[in-house]
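# Close look at the chain arrangement
Here is how the chains run, residue by residue.
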Protein chains: 2
Amino acid sequence: MTEVARTPLTPLAFLERSADVFAHRTAVVHGEERWTHRDLARHVVRLARALRASGVAPGDRVAYLCPNHAVMVAAHFAVPLAGGVLVAVNTRLAPDEVAYVCTHSGARLLVADAELAPTVAPVLDRLGVEEVVWVDDVVGRPDLPGPAYAELLDRAGADPGPPPRFAVEDEDAVISINYTSGTTGRPKGVMYTHRGAYLNALGEVITAGLDHESAYLWTLPMFHCNGWCYPWAVVAAGGAQVVLRAFRPPEAWRLIGRERVTHLCGAPTVLQGLLADAPAGPLDHPLTVLTAAAPPNPGAIAAMEALGARILHVYGLTETYGPHTVCVLQPEWRDLEPAERARRIARQGVAMVMADPIRVVDPQMRDVPRDGQTVGEVVMRGNNVMKGYWRDPAATAEAFRGGWFHSGDLGVWFADGAIELRDRAKDVVISGGENISTIEVEQAILAHPAVLEVAVVGVPSDRWGERPKAFVVPRPGASVEPEALRAHVRGRLAAFKCPDVFMVVQALPKTSTGKVQKHVLRAPEWAGRERRIN
Amino acid sequence: MTEVARTPLTPLAFLERSADVFAHRTAVVHGEERWTHRDLARHVVRLARALRASGVAPGDRVAYLCPNHAVMVAAHFAVPLAGGVLVAVNTRLAPDEVAYVCTHSGARLLVADAELAPTVAPVLDRLGVEEVVWVDDVVGRPDLPGPAYAELLDRAGADPGPPPRFAVEDEDAVISINYTSGTTGRPKGVMYTHRGAYLNALGEVITAGLDHESAYLWTLPMFHCNGWCYPWAVVAAGGAQVVLRAFRPPEAWRLIGRERVTHLCGAPTVLQGLLADAPAGPLDHPLTVLTAAAPPNPGAIAAMEALGARILHVYGLTETYGPHTVCVLQPEWRDLEPAERARRIARQGVAMVMADPIRVVDPQMRDVPRDGQTVGEVVMRGNNVMKGYWRDPAATAEAFRGGWFHSGDLGVWFADGAIELRDRAKDVVISGGENISTIEVEQAILAHPAVLEVAVVGVPSDRWGERPKAFVVPRPGASVEPEALRAHVRGRLAAFKCPDVFMVVQALPKTSTGKVQKHVLRAPEWAGRERRIN
């Protein structure tokens, strides 16, 4: 086939188009600053040239450690436009963890918000990057080496190359790497491709109903699965992205009103935060709230609908570019009793339109019956499953065994193809939408000299969905204080990963072969609940 | 990359999903018959098995000669599901033309509506197909050989193969061939791929705003560019397709009301037909009308908007899967005077979101200035440009010269990337949305013994946009009667291709090298108009 009829898929094409078609419409709102799509494209081209002038070569990784910010939107286009691979780092990580992500990804540059200087400073000599660029518009320049963002941009003029093209040679090339906590201790780098990002972005446009009059509020962190691909999707639609540096409900509501926000995404904590501070009357414009990480509860659905908002429940993992399924709102549900409607909306739903059908399988990879009762593992494949784990073929092979991506989530399957989660096979706790590897937390605790054994499990939390809880067996003769353990863990891991409760026990329940029976520890914590995840 | 992360794109996947997710929602309305998405999928699987049992092997062509009908929706999925290639034939063609399409495509089967028996009968022994299957539910079985459609379906049980999979190995494989009149005499077979059909269908979902509460009315023939990919797009969205066998405004309005139709597509003749018979008051539900082949006039826009409908102006060719551009409705246009708004909406617009940017170029393939004045040729490329012409590498190379598809349409380019057509370089007249090759018509006229020379040009028509007009030079000593020429042409070509006017002239205007100057003939016909196409 000639090239005339086949252009490699890449989300870069969306910005090239919107820079023309929506040249004078708002693309990014950041505080009092407003960028049109043309402004965004100009910034992106300038940044791409600056990255090239800074030595970023095709395939090089460029790490960002920033809260939601206009430069993060720009990074989603500029880094791949320069031929690079974006590594957006979780801003809540501890210094050691940031150093791990930078060195494991082999990032050439780190662009960090000056607010995160306290995270960067302790590991500055262990990042492995050539330089740290400081985004200093909000908190000012830190007393650390490295140019300011404006200085980076100024290098654009030194780029000897041709104007960057909003196109790629290979649609299967990697566009970004997102680090996630899995079942093993260290975070793994999930690779997204240009093709996957393109199709997933179009899927989000269709699923959420984005168009050029949409305004999307950034309540979800952009470092989280590339913000579920919304930096690309909203540009594809020609809509506006309203940046919110940190989620504070009053500011979110102010922006929802001022910018006539039509869409936002967030974990249940975001939903609850919004509802706790909701306006008295209904909104004067449509609002769609996409929520994930836990089913929305009946009260939240009713309260949001009373405001005139629509809730879409979606589900996915970092390995699936964010959302993979959507609980499609069937028109006939409008007539159901609120409790029954909420029960339907609690389902994680069906694969989105551009994804392959999702399956629930038994350990032999056979479909479980679609009876809404038989529990199996949820597995996915297709164009919005990751390319693999960066520099970790063994973990990739394990995740892809049997030709499907294994989510580690256990659920049931309904006749219409919808799934509903029930439990988790992987040792992961999901707190406020963030994955926490229980094994990683256990290893941190075990590093304390007084600890003999430990098991960490997820327990339900009204605010965060789940929180880790640690069961600790002291060494013979030693005594352990929960406060000492807390300080110990906080020195090693991001604060949100530190268990809320350290319970000292004499022994852990074990199988005859000596394996810790975590389900025995979890049972009393989840007593009276239908599911063992939240 | 492992297959886990990369599924070949095919619109077949849409039906597999909707059969589950929208199992109980209406997919097809045909008279009093209603098929759910599950019914459609079952029919499609049965038909695919029946086609395999009839000897259809991977890559085989299956031709359809049918008005809009539920079986045509099914054919768009069942033929590729059986591994075949769909050839949907224009029902207005003359018998010789149908025979040409069947033999040129090498179709193994022809599925024909019994209503078209008069077209098929004269060439039954020249179709080159193994059998003709008769769709006989409306006008009854003709007295011609070949099984009825129900008999074809009954062969499904004889299919020894495994259940067909809603998937393909190669996304660049051909899914359909659509014959179009080009600049040369005989129709050419435009090849669509699974990938192109998939992306174009998603593009239509986004452009038209289709979802699972949409109802699409078939005022456009499904044999026309595979109905602009809507048979696939509406299934992707989970919406309903309301079949209209022949466009009659009162029936169209009755269905718009009864089925709460939200979308329809059509040439200006459809728009005018609807408006001539429009209801007195506004509609009680939203309606989007996508129109192409000529810009909607200010009166039609105003009248449609008074009904509460929204007009989207799109443009494309058979070679671009139907629509390639859309005149994006910019929100600020709402405040413009009606005449100025109509002027904006008259633009053919910008490439759709999944297409590469469209260009307007000079003969050396350089961009013309984006000044809205300089005329150049409109060229396209990307995932919604055809794979090429079936068994015609020379025509493909000519159409793709310089690495772009040459539309043969002349237009101007605006700063926002939008194009507006002005004239046509190709010898094509577009009448009621159908292409007519002037060369094909000239050759038919030249076959008359009394004709020495002829030139056919397009002239404006309020009803059809354009109509062909013939300028005929008789042989010395011979006399030609327009009525005789008309009868002569009608015996050879589809009725719509026959010129309305045969003007007998003594000579044709020519260049010094003897080439007919068609623009001299066209000039007086288009006097006082801004464009020379309609």
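Just so we're clear, the structure is a prediction, and the values are computed from it rather than from any experiment. Residue numbers run consecutively from 1 along every chain, following the written order of its sequence. Note on labels: chains are lettered from A, ligands numbered from 1, in written order. Reporting in this predicted model follows two pLDDT cut-offs: at least 70 for local features of residues, and 80 or more for side-chain atom pairs to be given and counted; totals over whole chains, interfaces and linings ignore these cut-offs and use all residues.

## Observations concerning the overall build of chain A
Note the following rule: Numbering goes from the N terminus for both helices and strands, where a helix is a DSSP run of H or I of at least four residues and a strand is a run of E of at least two. Computation of the radius of gyration draws on C-alpha atoms, with the globule rule given as 2.2 Å multiplied by the number of residues to the power 0.38. Comment: burial labels come from other C-beta atoms within 10 Å of the residue's own C-beta, placed from the backbone, where a count of 20 or more is buried, 12 or fewer is exposed, and between is partly exposed. Contact between two residues is assigned when their C-beta atoms, built from the backbone, lie within 7 Å.
Scanning chain A from N- to C-terminus turns up 17 helices and 25 strands. What you see for chain A is a C-alpha radius of gyration of 23 Å, in line with the 24 Å of a compact globule of 534 residues. Over its C-alpha atoms, taken along the principal directions, chain A stretches across nearly 65 × 60 × 55 Å. Put simply, chain A has 534 residues, and 57% of those count as buried. Across chain A, the fraction of contacts at a sequence separation of at least 24, relative to all contacts at a separation of at least 6, is 69%.

## Comments concerning the relation of the copies chain A and chain B
To be explicit about the condition: Least-squares superposition of the copies uses the C-alpha atoms of those residues scoring a pLDDT of at least 70 in each of them.
Relative to chain B, chain A is turned by 180° and slid 0.0 Å along the rotation axis, the superposed coordinates differing by an RMSD of 0.1 Å. The two molecules are tied by a two-fold rotation axis, judged by turn and shift. Within chain A, Ile206 of chain A has its C-alpha nearest the rotation axis, a separation of 3.2 Å. Taken together, the interface assignments show that 100% of the residues at the interface of chain A recur at the interface of chain B, consistent with an identical surface on both copies.

## Considerations on the interface of chain A and chain B
Keep this limit in mind: Note on residue classes: Ala, Val, Leu, Ile, Met, Phe, Trp, Tyr, Cys and Pro are nonpolar, Asp, Glu, Lys and Arg are charged, and everything else, Gly too, is polar.
Facing the 38 residues of chain A at the interface are 38 residues of chain B. Breaking the side of chain A that touches chain B down by element, the ones donating at least two residues are α1 (12–21), α7 (194–208) and β15 (350–351) of chain A. Considering each element in turn, the side of chain A that touches chain B owes the most residues, four residues, to α1 of chain A. Of the residues in the side of chain A that touches chain B, the class split is 20 nonpolar, seven polar and eleven charged.

## Let's talk about helix α15 (residues 438–446) of chain B
Taken together, the buried positions of α15 of chain B are occupied by Thr438, Glu440, Val441, Glu442, Ala444 and Ile445 of chain B. Contact partners of the buried residues in α15 of chain B: β21 (428–431), β22 (434–437), β23 (451–461), β24 (465–474) and α16 (482–490) of chain B.

## A short note on the domain arrangement of chain A
It is common to give the size of an interface as the accessible area that goes away when the parts come together. As a reminder of what qualifies: Per the annotation, domain bounds derive from an automatic or database assignment of domains.
For chain A, the assigned domains are domain 1 (7–20 + 30–202 + 218–239), domain 2 (354–424) and domain 3 (428–525). Here the C-alpha centre of domain 3 of chain A lies 27 Å away from the C-alpha centre of domain 2 of chain A.

## With respect to the packing of helix α12 (residues 298–306) of chain B against helix α13 (residues 338–345) of chain B
Residue and element names in this part refer to chain B. Heads up, the condition is: Geometry is summarised by axes, namely lines fitted to C-alpha atoms with helices restricted to the contacting stretch, and by angles between N-to-C directions that run from 0 to 180 degrees. For classification purposes, an angle smaller than 35 degrees is called roughly parallel, one larger than 145 roughly antiparallel, one from 65 to 115 roughly perpendicular, and anything else oblique.
Relative orientation of the contacting elements α12 and α13 amounts to 105°, with a least axis distance of 9 Å. Between α12 and α13, the angle is such that the two are roughly perpendicular. Every residue of α13 that contacts α12 at Pro298, Ile301 and Ala302 is listed here: Pro338, Ala339, Ala342 and Ile345. Broken down by class, the residue content of the contact of α12 with α13 amounts to seven nonpolar, no polar and no charged.

## Some remarks on the nonpolar core
The cut-off we apply is this: By convention in this section, buried Ala, Val, Leu, Ile, Met, Phe, Trp, Tyr and Cys residues joined through C-beta atoms within 7 Å make up a nonpolar core.
In terms of nonpolar packing, the biggest core is built from 373 residues, with Ala63 of chain A together with Ala63 of chain B touching the most fellow members. If near-sequence neighbours (up to four positions away) are discounted, Ala63 of chain A is found in contact with Val87, Val89, Val101, Cys102, Ser105, Ala107, Leu109, Leu110 and Val129 of chain A.

## Observations concerning the sheet that holds strand β16 (residues 359–361) of chain A
Residue and element names in this part refer to chain A. So the rule is basically this: Between any two strands, at least two bridges found by DSSP are needed for them to pair.
Reading across from one edge, β16-β17-β19-β20 is the order of the four strands in this open sheet, with antiparallel pairing throughout. The open sheet has two edge strands with one neighbour each: β16 and β20 (419–424). Here the strands of the sheet are splayed against their neighbours by 55° on average, with no regard to which way each runs. Alignment of strand β19 (residues 405–413) against β20, held across five bridges, turns out to be antiparallel. Each residue of the ladder has a partner; that of Val412, found in β20, is Glu420.

## Comments concerning the pairing of β19 of chain A
Residue and element names in this part refer to chain A. Of the pairings in the sheet, the one linking strand β17 (residues 376–380) to β19 comprises four bridges and is antiparallel in character. Among the inter-strand pairings, Met380 is bridged to a residue of β19, identified as Phe405. Joining the antiparallel neighbours β19 and β20 is a turn of five residues, in which Gly417 adopts a positive phi near 90°.

## Things to note about the confidence of the model for chain A
The test is simple: Confidence of the predictor at the level of single residues is captured by pLDDT, which takes values from 0 to 100.
Residues at a pLDDT of 70 or more form 98% of chain A, whose mean pLDDT is 93. At the level of chain-chain contacts, confidence expressed as ipTM amounts to 0.90, with global pTM at 0.90.

## Some details on the packing of helix α1 (residues 12–21) of chain B against helix α2 (residues 37–53) of chain B
Residue and element names in this part refer to chain B. Operational definition: Left-handed is the label given to a crossing in which the near helix is rotated counterclockwise from the far helix by less than a right angle, and right-handed is the label when the rotation is clockwise.
Running from N to C, α1 and α2 point in directions that differ by 135°, and their axes come no closer than 7 Å. Here α1 is positioned oblique relative to α2, judged by the angle of their axes. Between α1 and α2 lies a crossing of left-handed hand. Residue-level contacts link Leu15, Ser18 and Ala19 of α1 to His37, Arg38, Leu40, Ala41 and Val44 of α2.

## Notes on the sheet that holds strand β1 (residues 26–30) of chain B
Residues and elements named next belong to chain B. Strand order in this open sheet of nine strands is β2-β1-β10-β9-β11-β12-β13-β14-β15, and the pairing throughout is mixed. Bordering the open sheet on either side are β2 (33–36) and β15 (350–351), each of which pairs with just one other strand. As paired elements, strand β12 (residues 287–291) and strand β13 (residues 309–317) share five bridges and run parallel to each other. Bridged to Leu290 within β13 is Leu312.

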